[in-house]
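Each chain is listed here by its residues.
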Amino acid sequence: QGNSGASREYIVSKQSDISGKGYWIALLPADEMGVYDMECGIYVGSEIFRISRRSVQLSMDEWVHIGVTYSGTALTMYVNQAMVDASLFEDEPPMFNRRNSQPLRVGKEFAGLIDNLLMFDSVRAATDFMRDNMCPHNLPANNDNSLIAYFRFNEAE
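In short, a report on the structure. Counting starts from 1 at the beginning of each chain's written sequence and moves along it residue by residue. Per-residue local features of the predicted model are confined to residues with pLDDT of at least 70, and side-chain atom pairs are confined, for both listing and counting, to 80 or more; whole-chain, interface and lining totals are unaffected and use all residues. With hydrogens and water stripped out, all remaining heavy atoms of the structure feed into the side-chain values.

### Details of the sheet that holds strand S4 (residues 48-57)
Stated precisely, the cut-off is as follows: For two strands to be treated as a pair, DSSP must find at least two bridges joining them. In this description a helix means any DSSP run of H or I spanning at least four residues, a strand means any run of E spanning at least two, and both kinds are numbered starting from the N terminus.
Reading across from one edge, S4-S3-S2-S1-S8 is the order of the five strands in this open sheet, with antiparallel pairing throughout. Single-partner strands in this sheet number two, and they are S4 and strand S8 (105-106). One ladder, built from seven bridges, connects strand S2 (residues 22-29) with strand S3 (residues 35-45); its direction is antiparallel. Note on S3: the bridge partner recorded for Ala26 is Glu39.

Written as structure tokens, this is what we have:
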């Protein structure tokens, strides 16, 4: 769609507006149309954030599939099933997101359309992202049952 003018266009976030603690996936618009810094961050406690950021080119006239997975020591980002960044945090023990009471927000200051937000309670392998791109009703019978949230945004059609 285009640049909203915001410094960060959040795809999804669950973080404090004051401290930033929580987690997020966001696009930071660059000067060139369709070029963004894709950023993913996770607050893991003790004032430690694990953040990954990579410049990506996104098509402005078709759907783009964004995926992120975090293992406790690796934060990996995908665009259209292709890995664009893998940040390793192996110098420390595995750390996970701290629970918070913030609301889950989808599309905060986002310029564009978002459809089908899926959340899993397991680390996704690169091969899972092709399957994750399908409607959950069309998943093969051997689904791993780790889908914990599925938000569809096409109910009005």
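After presenting the structure, the write-up continues.
### Digging into the pattern of salt bridges
Just so we agree on the cut-off: Salt bridges are counted wherever a side-chain nitrogen of Lys or Arg sits within 4 Å of a carboxyl oxygen of Asp or Glu. Each residue's exposure class comes from its accessible area (1.4 Å probe, protein chains only) as a fraction of the maximum for that residue type: buried when under 20%, exposed when over 50%, partly exposed otherwise.
Considering all chains together, one arrives at six salt bridges under this definition. For Lys108, the salt bridge goes to Asp17, with nearest N and O atoms at 3.0 Å. Here Asp17 lies in the loop between strand S1 (9-15) and S2 and Lys108 lies in the loop between S8 and strand S9 (117-120), a separation of 91 residues in the sequence. With relative accessibility at 28%, the residue Lys108 sits in the partly exposed group. Under the relative-accessibility criterion, Asp17 is labelled exposed at 53%. Residues Arg53 and Glu39 are paired through a salt bridge, measuring 2.5 Å at the closest nitrogen-oxygen approach. Separated by 14 residues along the polypeptide, Arg53 in strand S4 and Glu39 in strand S3 bring together distant segments of the chain. Arg53 gets classed as partly exposed once you look at its relative accessible area, which sits at 42%. Overall, the relative accessible area of 2% leaves Glu39 in the buried class.

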